[in-house]
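Structural overview for review
Listed below, chain by chain, are the residues.
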Amino acid sequence: MNTDWIQTVVWVGLTLLLGVVEVFTLDFIFIMLAAGAAGGLIAALLGVPWWLSTIVAAGVALLLLSVVRPRVLAALGRSADPHRTNVDGLIGLPGTVAVAFTPSSPGQVRLANGETWSARLTADSPVRTPPLGTPVVVESIEGSTAVVRLGERATS
């Protein structure tokens, strides 16, 4: 029985299946595997035995995964938006004290973007109870609390 057509159907099916999976994942792994399967298909169409077409498919896929995929990801990363978003976008944002701080309880700050956050001062802050309206800058976010340091005008 001639099994060349079965091998061809398997490679075509595998190539299509991996291509469809790539459409849903978009991480450039399955497209490299699909290209490897296409390499196996070409080898099968040239009449090589199934085991050799499998080796060709694996070799092409490994080569693409190790050489091409990192370059594609690096090229796509260059056009990424450099702006920080979400909580990362709050780091370095100025604000003012809206509710007084005490050593035992956090206060609140109104940030430049209009949000009000519960806040506490950094551990190395020289002032423990800054007055209302004192300028501050967000150093980090811990849970739902902004850790702030005194702003430039407050320390001079």
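A short tour of the structure in this document, coming up. (Residues numbered from 1 in each chain as written. Predicted model: local features only at pLDDT ≥ 70, side-chain atom pairs only at ≥ 80, totals over all residues. Heavy atoms only, no water.)

**Regarding the overall build of the protein**
- When you go through the protein residue by residue, the secondary structure sums to four helices and five strands.
- Reading the protein from its N end, one meets helices and strands in the order α-α-α-β-β-β-β-β-α.
- By the compact-globule yardstick of 15 Å for 156 residues, the protein is too spread out, its C-alpha radius of gyration being 29 Å.
- Expressed along its principal axes, the backbone C-alpha trace of the protein runs to roughly 90 × 25 × 25 Å.
- Counting every position in the protein, which comprises 156 residues, the buried fraction comes to 29%.
- Across the protein, every contact between residues at least 6 apart in sequence was considered, and the portion connecting residues at least 24 apart equals 51%.
- Charge-centre separation for the protein: the mean point of 9 positive side chains lies 8 Å from the mean point of 10 negative side chains. (Helix = DSSP H or I, 4+ residues; strand = E, 2+ residues; numbered from the N terminus. Rg over C-alpha atoms; globule rule 2.2 N^0.38 Å. Buried < 20%, exposed > 50% of the residue type's maximum accessible area, 1.4 Å probe, protein only. Contact = heavy atoms within 4.5 Å. Lys, Arg positive; Asp, Glu negative; His and termini not counted. Charge placed at Lys NZ, Arg CZ, Asp CG, Glu CD.)

**Here's the deal with the sheet that holds strand 4 (residues 135–142)**
- Sheet architecture is closed into a barrel: five strands sit in the order 1-2-3-5-4, paired in mixed fashion. This sheet shows a mean twist of 55 degrees between the axes of neighbouring strands, independent of strand direction.
- With three bridges joining them, strand 1 (residues 94–99) and strand 4 adopt antiparallel strand pairing. Within strand 4, the position partnered with threonine 96 by the bridge is proline 135. (Pairing = 2+ DSSP bridges. Axes fitted to C-alpha atoms, helices over the stretch in contact; angles between N-to-C directions.)

**Brief notes about the pattern of salt bridges**
- Tallied over the full model, the rule gives two salt bridges.
- Arginine 120 is the partner of glutamate 142 in a salt bridge, and the nearest nitrogen-oxygen pair spans 2.4 Å. Placement of the pair is glutamate 142 in strand 4 and arginine 120 in strand 3 (residues 116–121), with a sequence separation of 22 residues.
- Residues glutamate 139 and arginine 149 are paired through a salt bridge, measuring 2.3 Å at the closest nitrogen-oxygen approach. Within this pair, whereas glutamate 139 is found in strand 4, its partner arginine 149 is found in strand 5 (residues 145–150), the two being separated by 10 residues in sequence. (Salt bridge = Lys/Arg side-chain N within 4 Å of Asp/Glu carboxyl O.)

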